[in-house]
Amino acid sequence: MSYTRIVPIEFNHCDPAGIVFYPRYFEMINSVVENFFEDHVGWSFARMHTGGNHNGVPTVSISCNFMAPSRLGDKVPFTLQVLSVGRSSVKVRITAAKDGEVRLVTENTLVWIDGGRASSWPEEIRAKLQAELQKGGQDG
């Protein structure tokens, strides 16, 4: 099981050639992560950043391979899979592919920050991340 969000490629994402300017992909990736936490984990970024000492889940590591361009007007499915859950971290893979053509693959490590430092996941979040992992996030 995985989380998919369709991202429409808009003019503001593109360079003069009409293809996605690669830094814009990182904004799209963050949007997919943000929506995954709200839709599947039940914790919006607003809740994470405004409740108590929580400081959210910043990305501490990212590896990205760009395979093919996305063009203005494309509607590209981005699929997030949970690969592993640590004490305070989660590793996810996000694949953007359209019509069988992989556009990019990224692996990100995010860390739960509370009080300005890495902290153990709140049990509610850990349970939901573990459930995502058990549903098949580790499929290679």
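Details of the structure are given in the entry above.
Owing to the predicted nature of the structure, the values given are computational and were not obtained by experimental measurement.

### What about the nonpolar core?
1) Next: Counting 34 residues, the largest nonpolar core has Phe 37, Phe 78, Leu 80, Val 90, Trp 121 and Leu 129 as the members making the most contacts within it.
2) Next: Among the secondary structure elements, those contributing two or more residues to this core are β1 (3-8), α1 (22-41), α2 (45-50), β4 (75-85), β5 (89-98), β6 (101-111) and α3 (123-137).
3) Next: Here the element with the most residues in this core is α1; it accounts for eight residues.
4) Next: Look past the residues within four positions of Leu 80 in its chain and what remains in contact with it is Ser 2, Tyr 3, Val 32, Val 33, Phe 36, Val 92, Arg 93 and Ile 94.

### Examining the environment of Asp 15
1) Next: The topology assignment puts Asp 15 in the loop between β1 and α1.
2) Next: Looking at Asp 15, the relative accessible area reads 26%, which means it is partly exposed.
3) Next: Asp 15 sits 92 residues away from Glu 107 along the chain, and the two C-alpha atoms are 25 Å apart.
4) Next: Reaching out from Asp 15, the side chain makes a polar contact with the backbone nitrogen of Ala 17 at a distance of 2.9 Å.

Rules used throughout
Residues numbered from 1 in each chain as written. Predicted model: local features only at pLDDT ≥ 70, side-chain atom pairs only at ≥ 80, totals over all residues. Heavy atoms only, no water. Core = buried A, V, L, I, M, F, W, Y, C linked by side-chain atoms within 4.5 Å. Buried < 20%, exposed > 50% of the residue type's maximum accessible area, 1.4 Å probe, protein only. Helix = DSSP H or I, 4+ residues; strand = E, 2+ residues; numbered from the N terminus. Contact = heavy atoms within 4.5 Å. Polar contact = N/O pair within 3.5 Å; in protein donor to acceptor, adjacent residues only side chain to side chain.

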